[in-house]
Amino acid sequence: GLAAGHDGSTGPELVGALLVAAVGPLAAMLVLHAVDPGFDSILVTTAAMLTAIGTATLHSLSLTQEADAMFYQAIWMRHASFVGAGFMALVAGAIVSPYLDQIRAYPFTLFGIALALTATTVVFGQTVNGARLWLRTGPIQFQPSEIARLLLAGFVAVYLYDRRHLVSAPWRLG
């Protein structure tokens with residue numbers, strides 16, 4: 001079958017990964033159409049097509065009878081999960097974008113959340129490959145520092161925008 005492993009078995013995780021990779025872009029298109037009817041549908045469908053090609057390629061590699069099949073099966077399932085997460089992030093960005101003016105009013109909150117995320121790895125972090133940078137919540141393992149990096153970029157952007165008159169002024173000593 002389409003979601004069969006290299007040994008011919010069909011696991012629920014394989015079917016779930018396939019559903020996430022297939023339904024994620026479709027659900028994103030529907031939500032984007034409801035949230036922002038003027039979105040660039042060609043860009044989103046192109047991204048969906050490219051991720052579908054990648055997912056199908058990795059899935060076909062996982063069906064081989066060679067020793068690498070288990071490796072490609074794990075990569076395929078991870079890729080499908082990332083496709084779903086990426087399209088969910090796209091939808092979240094489209095939903096949050098009308099509220100950017102309210103978010104911009106609290107740059108130090110972004111900075112504080114970034115610091116708190118980084119501090120959670122000190123307290124609750126797991127060591128992977130010698131670095132204590134990972135958090136595990138159920139089946140999901142992630143690096144809070146990656147989210148903190150985005151929040152810090154937002155903080156710096158707002159901070160510099162609010163002080164643009166100082167940044168563009170000529171340099172003076174004293």
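Details of the structure are given in the entry above.
Residues numbered from 1 in each chain as written. Predicted model: local features only at pLDDT ≥ 70, side-chain atom pairs only at ≥ 80, totals over all residues. Heavy atoms only, no water.

Regarding the overall build of the protein
Within the protein one finds 7 helices and 3 strands. Along the protein, helices (α) and strands (β) appear in the sequence α-α-α-α-α-β-β-β-α-α when read from the amino end. Considering only C-alpha atoms, the protein reaches an extent of 75 × 45 × 30 Å along its principal axes. In the protein, which comprises 174 residues, the share counted as buried stands at 23%. When contacts within the protein are restricted to residue pairs at least 6 apart in sequence, those whose partners lie at least 24 apart make up 53%. On the protein, roughly 11,900 Å² of surface is accessible, and the fraction owed to carbon and sulfur atoms is 70%. Averaging the coordinates of the 8 positive side-chain charges in the protein and doing the same for the 9 negative ones gives two points 20 Å apart. (Helix = DSSP H or I, 4+ residues; strand = E, 2+ residues; numbered from the N terminus. Buried < 20%, exposed > 50% of the residue type's maximum accessible area, 1.4 Å probe, protein only. Contact = heavy atoms within 4.5 Å. Areas by Shrake-Rupley, 256 points an atom, 1.4 Å probe, with all protein chains shown as cover. Lys, Arg positive; Asp, Glu negative; His and termini not counted. Charge placed at Lys NZ, Arg CZ, Asp CG, Glu CD.)

Quick word on the sheet that holds strand E3 (residues 140-142)
Consider a sheet: its strands pair through backbone hydrogen bonds, and that pairing is either parallel or antiparallel. Within the open sheet, the 3 strands sit side by side as E1-E2-E3. Their pairing is antiparallel. A strand with exactly one partner marks an edge of an open sheet, and here the two such strands are strand E1 (126-128) and E3. Put simply, the sheet's adjacent strands are angled 45 degrees from each other on average, direction ignored. With 3 bridges connecting them, strand E2 (residues 131-137) and E3 associate as antiparallel partners. Within E3, the residue paired with Leu135 across the bridge is Phe142. (Pairing = 2+ DSSP bridges. Axes fitted to C-alpha atoms, helices over the stretch in contact; angles between N-to-C directions.)

Brief notes about the packing of helix H1 (residues 12-35) against helix H3 (residues 69-96)
At a closest axis distance of 8 Å, the pairing of H1 and H3 adopts a crossing angle of 15 degrees. If you check the angle between H1 and H3, you find them roughly parallel. Handedness of the H1/H3 crossing: left-handed. Between H1 and H3, the residues in contact are Glu13, Leu14, Ala17, Leu18, Val20, Ala21, Gly24, Pro25, Ala28, Val31, Leu32 and Val35 and Gln73, Trp76, Met77, Ala80, Ser81, Val83, Gly84, Phe87, Leu90, Val91, Ala94 and Ile95, respectively. In terms of residue class, the contact of H1 with H3 is built from 19 nonpolar, 4 polar and 1 charged. (Parallel < 35°, antiparallel > 145°, perpendicular 65-115°, else oblique. Left-handed = near helix turned anticlockwise from the far one by under 90°. Nonpolar A, V, L, I, M, F, W, Y, C, P; charged D, E, K, R; others polar.)

It is worth stressing that arrangement in space is one thing and function is another; only the former is reported here.
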